Structures are given as structure tokens and as C-alpha cells.
Amino acid sequence: MAVHWKRILGGVAMACAAHCSAQHALSIPDTLSGTAISLTVHTDSVAFFAGPLTPTFGINSQKYLGPTLLLNKGDSVALTVNNHMGDTTTMHWHGLHVAPRNDGGPYSMIMDGESWTPKFVVRNRASTYWYHPHMMMKTAEQAIKGAAGLIIIRDAEEAALPLPRRYGLDDFPIIVQSVELDSQNRFMPKGMVDSVVLVNGTDSPYVTMPAQVVRMRLLNASGERTFNFGFTANHTFNLIGNDNGLLPAPIATTRIRLSPGERAELLLNLGGMEGQTIYLMSYASELPMGIQGGPTMPMPPGSPLMNSPLNGLDFNILQINVGGPTAAPLTTVPATLVTDTPYAASSANATRTIHMTADSMMVMDGPFYFNRNLFDMNRIDYRIPLNNVEIWTLMDSTMVAHPFHIHDCHFYILDRNGNPPDTVERGRKDVVLIQPGETVRIIMKFEDFADTTTPYMYHCHILMHEDDGMMGQFLVGDYGQGVQTVNRTDEVALFPNPANRQLNLKLNRPGAWADVQIATIIGGSVYSGHVDGATAINVSQWPRGVYMVTLTTATGSTVKRLLID
Ligand code: C2O
Ligand code: CU
Ligand code: CU
């Protein structure tokens, strides 16, 4: 049975059955269009629930989230981002193919009270993109508190298709976020008990949609949760677009699974349903264990609440009341959409492998590594020759699924464990969910923008994983042909981790050396030394907590996280 969870109070979940009415009219974000766009991100507060107001970030006149940017392919757009957040931030245009200095990654910091003015030509195809901060270690906090919004790109090809495109009338932005709030109604950006589901910042939302074919642009803007979207009673809908563009033809389906960062455009035929109610739902009971939001391991009775009660349940997200049709309604789903030719695997001139690991197979909450490294601003992971077409093999050896995202380019999924991707995963993507034990190959082209000083990012889009270092960076430049990278192996073993008495460091190659610096998370140095072969460090007097270990070897430096307990 579908339930609509309200929220958790003192660990007790209050739910109401599927037919209980949603309470708040869905907010539809304002729009901003044109070639000069100004966003002012500010602190604000919202009365989501009775009791204290929830501190938020709002953009322009909105108290939470920001306006939807309507951009046209080919336009040269000048943006201004004014930071009134009381903290340093950045603003990233997720999915947009722009030069690194305009991309809003961790290097493009905007100090509080200052502005940033990127300028770029819109090159992407018509689709649904989004913007959010990318501040080192603070993406989760800033995005979940509301410093994010949708971007809709339009182009001539899309404009020629018989599709709904009247924003808020037959074309609906649907930003879905699951969040956790504490007893003071404050967001808990890294909370795993994310039992409140907001749509466009509205809790318990309802919306009226006309009795005709409507378009919905779904964005999963959550920090960690994957949604298995569908409608009441397995109502069929048509998927028309993935992250980075429309599909060649609509795909009739009953489910679309979106992990954090992913988008989907769909057509829902509400023709003849005037007066009826249908819900957008998540059929989370069908998600496998290991995907955040799917069923969790049973905990012994009396254990503290570690997981959201939404996990593994089918629940309603948005109540849709079907009203009368609009003038000139769309009543049928077009048979074909756009032409799009995926890159052929045979056109690739380089391959790379990203292996996702944790300190042990039991780790649920990180840190998680790419090729055994945490993000290090001082390390360029890949130098990619401009115009390379590359196949990246993504392997997950942890017990949780990771949505992999890359900046700069869109990609196509070549295969999952050697099998072609499901039809709904075809087309242009910029986020792909890798499940535990899976090997997924993607193909992409690094074109147009070369910059050998400012890197692009790739990372897990579970925001706490990203903030904790599950991220890497690459430069695109004139590097000649093929792969130009040192394949890092794990040269230095650090164990046990967590440690409480003795920490061992061992070099895995004979004759290797390492300089070791260990610092507390706020930067105070507690150890520094040079290791040849192996060494043991007495840590019994070190305060419990997280430490950062910087290991510098002949091939570069890596940062690892150490827990003293
Ligand atoms: Cu949604 Cu690196 O971004
Ligand atoms: Cu991005
Ligand atoms: Cu992850």
C-alpha cells in the first residue's frame, strides 16, 4: 500500500494513507530569460512546519530554491551571481558544456558579498539542466538549504516538435528533494533520515494539471536518495528526454529511476481524466538493496533510527488533480522526436578505469574513493587531449550505489556488466548510477574547450560523498594523442583504519619512499615524517576524530582519511 509519510517526530513516523489529501499548492519557480541573467543568493527562512522557521538559501525573490532559467541554444548569455549567503560559494551549471572558468567548479569561488560574472554561448541541446553550488566540502549544505534551481534550454529542433511547452500550464518543473530536518526544523544536509520529500520546495504538495498530454521535467536534487518514479496504479507515461537531450522517440514505460543529479522529461496523458486524482510516486520497494532509498538491512529492535522510514516503501510525492483542458491542448504523443547518433565504441582513442572503493566492504557512509584516492586540489587526475573520444569503465566495489557525474561533456552508456543499457537509459546522459558490483562503460568526447590551468570535475553526485572527497579533476588541453596519465596504484598501505593504538604505514613497492603528513580535519599537524619500507606510529594519545593523511611519493601526492577511535 502506498503511504505518504509526513515527518518523523521523536523517531515516530506519522503516515497517512494514499487517499489523504496533500495540503500545499505546488510552488512553481519563477522564470528568468534573456541574455543577461542575475542571480542573488541570500539567506532566508521558510515556515515548512509548525515551530521554528527553517533557515534557507533563496535566490532573487524566492525564499527557497531559485528561478528557472530559460535559455536558448546559440545565445551568448552573461550571468551575474551575487553571493549574499554569509559564506563562500560557487555556482555550477550542471550539464552545460562550457569552458572550465565558466563552469562554477570549486575553483570559481565567490566570497560573501562578492559577485561572479561568467559568460558563455549556450551549446547544449534542448533539455532540462540545473544549477547548484560546488563549494569544497559544502555542496550538500548549500544545495540542500536551497541554493539551486532548474535550467531549461530550448532549441529550434525542439521548438518544431508538437510538445507541451507552456511553463506551469502544460510543462511542469518538478524538483524533488528528500531532506532531513532536526527538532528545530533545521536542514540536516548529511542526514540519512531524510523523511520529508519536497517538490519545488513544497511539502505535501498538490497541483492541478489539465486533462491532456502534459510534460513533466523531473530533477532529483536530493543529497542521496534515488527515486523510482511512477504514477498511481502503474499508469503508463512516455519518457521523451534524458539528462542532456531529447530521445529519438518517446519510450512508453511505467518507471523511471533517477539518482541524485539525474533528470528526465516525460509526457503524461491525462486526457479524459478531468476530476480524477493521480499521484507521482516513488516505487522504492522495487529498488535493490544498496541503492539509497531502497530497502535497508533490518536493524535489531530498539536501535536508533539510522535510515529513513521511506526506504523500501512505495510512497506518494505529488498529488495531481486533473482539471479541465487548456486551449489548444496536445492530445497525442508524437511518434518521433530528434536525431541523435551516439559515439561509436570504435571511435574511442583512449580508455580509463575508475574503481570505486571504501576502506572496507562494510562501509555505508564513506569515505569512498576513486582509484583509492580522495579528491586533492593539488593533484590532476587526468590530462585529456582535446577532441579525445574516451571510454571510461566505472566499477563499484563498495556496498552502496554511486551516481557518477562528469562536467564538460555528455556521455552515452555503452553497457552495464557487458549488456546494453535499458532502453530508458539510452540517449545523452551526464549522471549514471553504478550499483554495487557493477561495471558500467560510458563514452564521451572532450571537445571545444581547452584550458591547461582550470580543471573540470567528475564526482559522485551523492553530495556527502562528493563533499567527503569522492571527486577527481581533469584538464583538457593540447596533450597530444591518447592517454597521458600516470596510472596510480596504492603505493602506501595505511592500517588499521580506524586505528586506536598503533597506525602502520607500509610501502608496497621495494625501494619506494613516502613523506607523510597527518593533520586534524581543521589543519593542525600531528605527525610528519619520512618512510622507507614501513613504520608504526603510536596514536594512543591522539584525540578521537577524523584526520587527513597526506602521502607524497615519487609519483605525486594523495590524501587519505584516517579515523582515530
Ligand atoms: Cu551537479 Cu559537479 O555537479
Ligand atoms: Cu555538473
Ligand atoms: Cu557515492
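For clarity, every value in this text was computed on a predicted model and none was experimentally measured.

Conventions and cut-offs
Residues numbered from 1 in each chain as written. Chains lettered and ligands numbered in written order. Predicted model: local features only at pLDDT ≥ 70, side-chain atom pairs only at ≥ 80, totals over all residues. Heavy atoms only, no water. Domains from an automatic or database assignment. Contact = heavy atoms within 4.5 Å. Buried area = accessible area lost by both parts, 1.4 Å probe. Salt bridge = Lys/Arg side-chain N within 4 Å of Asp/Glu carboxyl O. Donors = N, O, S within 2.8 Å, 3.2 Å for Na, K, Ca; no water. Helix = DSSP H or I, 4+ residues; strand = E, 2+ residues; numbered from the N terminus. pLDDT = per-residue confidence, 0-100. Pairing = 2+ DSSP bridges. Core = buried A, V, L, I, M, F, W, Y, C linked by side-chain atoms within 4.5 Å. Buried < 20%, exposed > 50% of the residue type's maximum accessible area, 1.4 Å probe, protein only.

### Examining the domain arrangement of the protein
Okay, step 1: Each assigned domain of the protein is listed here: domain 1 (6-323), domain 2 (345-477) and domain 3 (492-564).
Okay, step 2: Taken together, the contacts link nine residues of domain 2 with seven residues of domain 3.
Okay, step 3: Summed over both sides, the interface of domain 2 with domain 3 buries roughly 670 Å², with 45% coming from carbon and sulfur.
Okay, step 4: Counting the surface domain 2 buries against domain 3, the share from its top three residues, Asp-359, Leu-374 and Asp-376, is 44%.
Okay, step 5: Seen at the junction of domain 2 and domain 3, the total is zero salt bridges.

### Some thoughts on the coordination of the copper ion (ligand 2)
Okay, step 1: Protein coordination at the copper ion (ligand 2) comes from His-92 (NE2) and His-405 (NE2), with a distance range of 1.9 to 2.0 Å. Placement of His-92 in strand β9 (residues 92-94) and of His-405 in strand β30 (residues 402-406) is noted, with a sequence separation of 313 residues between them.

### Quick notes on the confidence of the model for the protein
Okay, step 1: This prediction gives the protein a mean pLDDT of 91; 94% of its residues lie at or above 70.
Okay, step 2: Contacts for the low-pLDDT stretch residues 1-19, under 50 throughout, to residues beyond four places or in other chains number 51 contacts.
Okay, step 3: Per-residue pLDDT stays below 50 along residues 483-489; that stretch engages in 15 contacts with residues further than four places along the chain or on separate chains.

### Observations concerning the sheet that holds strand β16 (residues 202-203)
Okay, step 1: Pairing in this open sheet of seven strands is mixed, and the strands run β16-β15-β14-β18-β23-β20-β21 from one edge to the other. Lying at the two open borders of the sheet, with one neighbouring strand each, are β16 and β21 (245-253).
Okay, step 2: Inspection of the sheet shows strand β14 (residues 171-179) paired to strand β18 (residues 213-220) by six bridges, in the parallel sense. If you follow Pro-173 over to β18, its bridge partner there is Arg-217.

### A short note on the nonpolar core
Okay, step 1: In this structure, Ile-174, Met-209, Ile-256, Ile-317 and Ile-320 are the most contacted members of the largest nonpolar core, which totals 40 residues.
Okay, step 2: It is strand β25 (residues 314-323) that provides the largest number of residues to this core, a total of five residues.
Okay, step 3: Formed jointly, this core draws a minimum of three residues from each of two domains, domain 1 (6-323) and domain 2 (345-477).
Okay, step 4: Contact partners of Met-209, with chain neighbours within four places excluded, come to Phe-172, Ile-174, Val-214, Met-216, Leu-270, Leu-318, Ile-320, Asn-321, Val-322 and Gly-323.

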